[in-house]
Amino acid sequence: MSRISVTRRGRLLRIVAACAVLLALIGYGVAQLVTGGPGAPHCVVQADGQSYSLSPEQAGNAATISVVGTARSLPDRAVTIALATAMQESGLRNIHHGDRDSLGLFQQRPTQGWGTAAQITDPVYSAGKFYDHLVQVPGYSRLPLTVAAQKVQRSGFPQAYAKHEPDATLLAAGLTGRDGASFSCATSPPDGKHGDPAAVRTKLRREFDGTVEPTVTGGGGRTNGAAAARTVTVPVRGDGTAGGDPARRGRQVAAWIMAHAGDLRIESIAYDGRVWTSDKSRDGWRKAPAGSAPATEVRITTLP
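Everything quoted here is computed from the prediction, not taken from an experiment.

Moving on to the overall build of the protein. The helix and strand tally for the protein stands at 10 helices and 11 strands. Counting the 304 residues in the protein, one finds 47% classified as buried. In the protein, of all internal contacts separated by at least 6 residues, the share reaching a separation of at least 24 is 59%.

Taking 1.5 Å of rise per residue, 15 residues should cover 21 Å, and helix H3 (residues 76-90) covers 21 Å from first to last C-alpha, within 8% of that figure. The buried fraction of H3 amounts to 11 of the 15 residues, a majority that puts the element mostly inside the structure. Taken as a whole, H3 has its buried residues at Ala78, Val79, Thr80, Ile81, Ala82, Leu83, Ala84, Thr85, Ala86, Met87 and Ser90. Summarising the contacts, the buried residues of H3 are in contact with strand E2 (50-54), helix H2 (56-71), helix H5 (123-134), helix H6 (145-153) and helix H7 (165-175). Looking at the residues trailing H3, positive phi occurs at Gly91, about 65°.

Remark on secondary structure: sheet strands pair via backbone hydrogen bonds, oriented parallel or antiparallel. Here we have 6 strands laid out as an open sheet, ordered E4-E7-E11-E8-E9-E10, and antiparallel in their pairing. Each edge of the sheet is formed by a strand with only one pairing partner; in this case those strands are strand E4 (215-217) and strand E10 (286-287). Where strand E8 (residues 266-271) and strand E9 (residues 274-277) come together, 4 bridges link them in antiparallel fashion. Bridging from a neighbouring strand, Ser268 pairs with Thr277 of E9. Here helix H9 (residues 246-259) sits on the sheet and contacts strand E7 (231-235), E8, E9 and strand E11 (297-302); the angle it forms with E8, its principal contact strand, is near 170°.

Reading across from one edge, E2-E1-E3 is the order of the 3 strands in this open sheet, with antiparallel pairing throughout. Looking at which strands have only one partner, the edges of the open sheet turn out to be E2 and strand E3 (182-186). Neighbour-to-neighbour, the strand axes of this sheet turn through a mean angle of 15°, independent of strand direction. The sheet contact formed by strand E1 (residues 42-47) and E2 spans 5 bridges and is antiparallel. Across the sheet, residue Ala47 finds its bridge partner in E2, namely Gln50. Packed on one face of the sheet, H7 meets E1, E2 and E3 and runs near 85° to E2.

Our next topic: the packing of H3 against H6. Here H3 crosses H6 at 70°, and the two axes come no closer than 10 Å. Relative to H6, the element H3 lies roughly perpendicular. Once H3 is placed against H6, the crossing between them reads as right-handed. In this structure, H3 contributes Arg77, Thr80, Ile81, Ala84, Thr85 and Glu89 to the contact, and H6 contributes Leu145, Ala148, Ala149 and Gln153. Grouping the constituent residues of the contact of H3 with H6 by class yields 5 nonpolar, 3 polar and 2 charged.

Thresholds, definitions, all that
Residues numbered from 1 in each chain as written. Predicted model: local features only at pLDDT ≥ 70, side-chain atom pairs only at ≥ 80, totals over all residues. Heavy atoms only, no water. Helix = DSSP H or I, 4+ residues; strand = E, 2+ residues; numbered from the N terminus. Buried < 20%, exposed > 50% of the residue type's maximum accessible area, 1.4 Å probe, protein only. Contact = heavy atoms within 4.5 Å. Expected span 1.5 Å × (residues − 1). Pairing = 2+ DSSP bridges. Axes fitted to C-alpha atoms, helices over the stretch in contact; angles between N-to-C directions. Parallel < 35°, antiparallel > 145°, perpendicular 65-115°, else oblique. Left-handed = near helix turned anticlockwise from the far one by under 90°. Nonpolar A, V, L, I, M, F, W, Y, C, P; charged D, E, K, R; others polar.

These results come straight from atomic positions and should not be treated as a statement about function.
If you want it as structure tokens, here you go:
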């Protein structure tokens, strides 16, 4: 082999190696962005030494699926089945495409009677339709998750749901306020746009199906040329939607708000001696000053 051929071969190998490194870096960057890696907005649920991370978009959709189920007084197992199904079908993303005419979180099909395209791509509606079908499955809460999900979905890959059960179980624990599970989110820096407390109240009422009674307090007017911060207060009470446990209901409301903190432009959440603030969101929940976070209500402040 000539010296020129060896030189060219060496140069080609270096180019290939450099391209491989570049592609790996690009892939890592994309993965970190999608999964909520260091420096990117992300949410995480933790319990018993286990953790599961997801993007704010995924967290918001998961929180919606959770509260739609609990607002119907369905058991945690129903929420776990729904979350695992959406993890498999859409990756917890409200997608507007899929196999044939499949759409949304659960890849439901207008031609199969699930609703219109607009309805199916509404997370509240699509989650509700999933639960409508799930509760018609005899003994669904005692069935293997993949069997229960398949009886609703009629998927061509019925075993695929099973691999999501551990993460779905952990996520359900964090979003339903079950003891021992902690859910928190790190958000992006404020973009200068203010929050709308009325929008927060409206979204709470709709997704919780009227089982919470949020009120707007404090507020209005301008302070130093900026919109004054407003507070939405959600009383915590025991009822059938949280197993009669007011503390659990409070944790669920707080988790739901945090999952939607970016979209709703939330400045702070306070409940039961703890506080979360957008400017220190990567610190998660922190101890609140005495009296500022009672156990009788969740206090939500929108960005000014």
